[in-house]
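# Structure assessment
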Protein chains: 2
Amino acid sequence: MSEKLLNDRLLRALRRQPVDVTPVWIMRQAGRYLPEYRATRQRAGDFMTLCKTPELACEVTLQPLQRFDLDAAILFSDILTIPDAMGLGLSVVENKGPRFARPLRSANDIRKLAVPDVEAGLGYVLDAVRLIKRELHGKVPLIGFAGSPWTIATYMIEGASSKNFSLAKGMLYGQPDRMHQLLDILSRSITDYLNGQIAAGVDVVMIFDSWGGILSHAAYLEFSLEYMRRIVRDIRTAGRGSEAPIILFTKGGGLWIDDLAGSGCDAVGLDWTMDIESARSIAGDRVALQGNLDTAVLYSSPATIRRHVAEVLAGFGKGDGHVFNLGHGIHPDIDPDKVAVLVDAVHELSRPYHK
Amino acid sequence: MSEKLLNDRLLRALRRQPVDVTPVWIMRQAGRYLPEYRATRQRAGDFMTLCKTPELACEVTLQPLQRFDLDAAILFSDILTIPDAMGLGLSVVENKGPRFARPLRSANDIRKLAVPDVEAGLGYVLDAVRLIKRELHGKVPLIGFAGSPWTIATYMIEGASSKNFSLAKGMLYGQPDRMHQLLDILSRSITDYLNGQIAAGVDVVMIFDSWGGILSHAAYLEFSLEYMRRIVRDIRTAGRGSEAPIILFTKGGGLWIDDLAGSGCDAVGLDWTMDIESARSIAGDRVALQGNLDTAVLYSSPATIRRHVAEVLAGFGKGDGHVFNLGHGIHPDIDPDKVAVLVDAVHELSRPYHK
């Protein structure tokens, strides 16, 4: 569907093709820092109703585009929709994070898992994608997403957010075969899910590996990156999927840029701990890079924000293949006006890098 | 005092001198995973009483040495004793972490801070050091420690543990001069404090930069490493301090090993996200390395623990300058018997690397 887009900067940058200015979007751009989001969420009653009602998910997806000159929309959803569809019973409590009513507690719990039928179990996500695409009228591309197998597995095993990941890592080291069994079914589920999103209309997909960064290098390669690599491969071989650029983002994965860049994906997301200049020199021309301003810069003045935007742009330097973003999701207590400063600064200050 | 030590493996390894086997100690080795620690803590009533009563601090410091063949003791204390001595009112609530009754809320709060007199304000720590040294009878070296300026500053500003560090990073980007003022007074306080610990008898000092890893590279260099570098320099020039090896540990600092290795310290602590083999190739012969087994390996069987110990030892390889440790502190739910497996495996399996 990219041929119909009025603004295809994101797709061009992800393919390392020339653009007029660096495209920019913000992780969690549809979120709690926006008063209109908070109003919709209050109307929805709770987070999962917001996710599961396509009209509401569409509404909040489009909200930041009405305020800011963003180069992409990102589907409003959650990384834990798949285990919810597998029957684990997801709820998301404000300020407490996600909880599963039925976390995985035994080998038998894992054996009983099945790859969800996307239309039957996750049709509300596909409906939201179709509705958002219609409402976007080709203004900007729509990004779909999923959690990484390892990241989703940690929540399924821990039952909630965790500090030490004792249960998940306990399984990784103690029962690695069981962990591989879980990661295998998750990676097949995620492949189906992302292919479903692509078929429904998303232009780009991103895999959020929020907890890959808690692993050792060896464990990361075996238990996280390997399964993301399989998803990338299997999306590539699935018809239209071969067209949609794929972004991999391992939070805290700065040490493993070389591995990520060799995974077959189109772009690697960077948090702010990794110099984008160093990342580019490691990644070479294998992938585009997405990132990586420290979210906390948005607490400061417009002049300071512009200066730090300029530093990230200078870090990447001239040439194609940069998508500007924060290094993590935006915080709920950021003033939305600061996002406008950021977005406009990226467009204005990046022009000289694209002559 | 090192000449009187019966076991000086730690000091020799930190100075990259030959040893018979690789020395090993465990971050938080005196802690909640030990039933005898929990008993002493219950007797103390609360955490700060445990810290502030030299007899109790000594008791828990020595407990792990009675169980395991460890090559060092580490002073039982807290990284937030300095701001407590500055008047911020520290309490530590079980499972909730530290809290300050009077966090820094204004420029004036920072202006009013003074470098604490170590004997007057932190004498209980020095008393604990003297008592522990006496009770150790030279069995192993005693490690003293402090938090890094940046890490202590985050707690003083946030008032507690934080998820996003909005206030601390907001100051870093928005009022960098104010942040530098705070970091300056903290680094002078830490220098005095560590010099006091050294004068009281500790053989080694370690600086825990628990939150350096949340920064961008540029911010890390300016707001964290620079102040640790000053502390190292000022300890070196302070009489006996010049003899005590200094270990710097930035959790999540794997990307910045080269900077850490050039800071003037004797050893760099590694968490488990960084390959120790890669770290050694970057650090060269500038520093010793300490680390870096994933704590979660201790949830698995003795055979699995031995295999992962062997991998870390092989990663560092032959030669001098390795101190074995976990990559973070041990978790409260680890079986103490697994620590015995770890310690014995390090001694047994490292022998061939020291021929």
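That block above? That's the structure.
Residues numbered from 1 in each chain as written. Chains lettered and ligands numbered in written order. Predicted model: local features only at pLDDT ≥ 70, side-chain atom pairs only at ≥ 80, totals over all residues. Heavy atoms only, no water.

## Comments concerning the overall build of chain A
A count of helices and strands for chain A gives 15 helices and 9 strands. Here chain A has a C-alpha radius of gyration of 19 Å; the compact-globule value for 355 residues is 20 Å, and the two agree. In terms of principal-axis extent, the alpha carbons of chain A reach across some 60 × 45 × 40 Å. Sorting the 355 residues of chain A into buried and exposed places 62% on the buried side. Looking at chain A alone, contacts between residues at least 24 apart form 73% of all its contacts between residues at least 6 apart. Of the accessible surface of chain A, which amounts to about 12700 Å², a share of 49% is contributed by carbon and sulfur atoms. Taken together, the 40 basic and 42 acidic charged side chains of chain A have centroids lying 2 Å from each other. (Helix = DSSP H or I, 4+ residues; strand = E, 2+ residues; numbered from the N terminus. Rg over C-alpha atoms; globule rule 2.2 N^0.38 Å. Buried < 20%, exposed > 50% of the residue type's maximum accessible area, 1.4 Å probe, protein only. Contact = heavy atoms within 4.5 Å. Areas by Shrake-Rupley, 256 points an atom, 1.4 Å probe, with all protein chains shown as cover. Lys, Arg positive; Asp, Glu negative; His and termini not counted. Charge placed at Lys NZ, Arg CZ, Asp CG, Glu CD.)

## Brief notes about the relation of the copies chain A and chain B
Expressed as a screw transformation, the operator carrying chain A onto chain B has a rotation angle of 180° and an axial translation of 0.0 Å, and the superposed copies differ by an RMSD of 0.0 Å. Such a combination of rotation and displacement between the chain copies is what one expects of a two-fold axis. Minimal C-alpha distance to the rotation axis in chain A is attained by L255 of chain A, lying at 3.1 Å. Looking at chain A, 100% of its interface residues are interface residues in chain B too, so the copies touch through the same face. (Least-squares fit on C-alpha atoms with pLDDT ≥ 70 in both.)

## A look at the packing of aromatic side chains
Evaluation of the coordinates by the stated rule reveals 12 aromatic pairs over all chains. Between the aromatic rings of F165 of chain B and W211 of chain B, the centroid separation amounts to 5.0 Å while the plane-to-plane angle is 55°, which identifies the pairing as tilted. Of this pair, F165 of chain B sits in the loop between α8 (149-158) and α9 (166-174) while W211 of chain B sits in the loop between β5 (204-209) and α11 (217-236); the two residues are 46 residues apart in sequence, bridging distant segments of the chain. Look at F165 of chain B and you get buried, because its relative accessible area is 5%. Here the aromatic residues Y37, F47 and F76 of chain A are joined through ring pairs into a cluster of three or more. A cation over a ring is seen here: K251 of chain A above W211 of chain A, with NZ or CZ 4.7 Å from the ring centre. (Phe/Tyr/Trp six-rings, centres within 6.5 Å; stacked < 30°, edge-to-face > 60°. Lys NZ or Arg CZ within 6 Å of the ring centre and 35° of its normal.)

## Some points on α8 of chain B
Since the α-helix turns once every 3.6 residues, residues separated by three or four places project in the same direction. Residues and elements named next belong to chain B. Of all 10 residues making up α8, 10 are buried, and the element is well covered by its neighbours. Taken residue by residue, α8 has P149, W150, T151, I152, A153, T154, Y155, M156, I157 and E158 as its buried positions. Looking one or two residues beyond α8, the residue adopting positive phi is G159, at roughly 85°.

## Side note on the pattern of salt bridges
Residue and element names in this part refer to chain A. Counting across every chain of the model gives 36 salt bridges over all chains. R9 is paired through a salt bridge with D71; the nearest N and O atoms lie 2.8 Å apart. In this pair, R9 sits in helix α1 (residues 9-14) while D71 sits in the loop between α4 (54-67) and β1 (73-74), placing the two residues 62 residues apart along the sequence. Judged on exposure class, the residue R9 and its partner D71 are both buried. The shortest N-O distance in the salt bridge between E59 and R43 comes to 2.5 Å. Within this pair, whereas E59 is found in helix α4, its partner R43 is found in helix α2 (residues 35-44), the two being separated by 16 residues in sequence. Here the salt bridges do not stand alone but share partners, grouping D184, R188, E226, R229 and R230 into one network. (Salt bridge = Lys/Arg side-chain N within 4 Å of Asp/Glu carboxyl O.)

## Concerning the interface of chain A and chain B
Across the boundary between the two partners, chain A contributes 28 residues, which contact 28 residues of chain B. Roughly 2200 Å² is buried in total at the junction of chain A and chain B, and carbon and sulfur atoms are behind 58% of that figure. Where chain A touches chain B, the interface holds 2 salt bridges. Within the residue set of the side of chain A that touches chain B, elements represented by two or more residues are α9 (166-174) and α14 (302-316) of chain A. (Buried area = accessible area lost by both parts, 1.4 Å probe.)

## Structural notes on the nonpolar core
Ranked by internal contacts, the top residues of the largest apolar core, which has 268 residues, are M156, M179, L182 and L342 of chain A together with M156, L182 and L342 of chain B. Leave out the neighbours within four places in its chain, and L182 of chain B touches L104, I110, L113, A153, M156 and I157 of chain B. (Core = buried A, V, L, I, M, F, W, Y, C linked by side-chain atoms within 4.5 Å.)

## So, the pairing of strand β3 (residues 97-100) of chain B
Successive side chains on a regular strand alternate, one facing one side of the sheet and the next facing the other. All names here are of chain B. By the bridge criterion, 4 bridges tie strand β2 (residues 90-93) to β3 in an arrangement that is antiparallel. Considered in β3, the bridge of V92 is made with P98. If you look at the hairpin formed by β2 and β3, you'll find 3 residues sitting between the two strands, and N95 has a positive phi there, around 65°. (Pairing = 2+ DSSP bridges.)

## Quick look at the sheet that holds strand β6 (residues 246-250) of chain A
Residue and element names in this part refer to chain A. Strand order in the open sheet formed by 7 strands is β1-β4-β5-β6-β7-β8-β9, and the pairing between neighbours is parallel. Unpaired on one side and paired on the other, β1 and β9 (322-326) mark the two borders of the sheet. Here 2 bridges tie β1 to strand β4 (residues 142-147), and the two strands are oriented parallel to one another. Bridged to A73 within β4 is L142.

## Considerations on unusual backbone geometry
Residues and elements named next belong to chain A. In the segment running from G291 into N292, the intervening peptide bond is cis, with an omega of -5°. Not every positive phi belongs to a glycine, and R28 is a case in point at roughly 65°. Along the chain, the position of R28 falls in the loop between α1 and α2. According to the relative accessible area criterion, R28 is exposed, its value standing at 62%. In this structure, F165 is a non-glycine residue whose phi angle is positive, near 55°.

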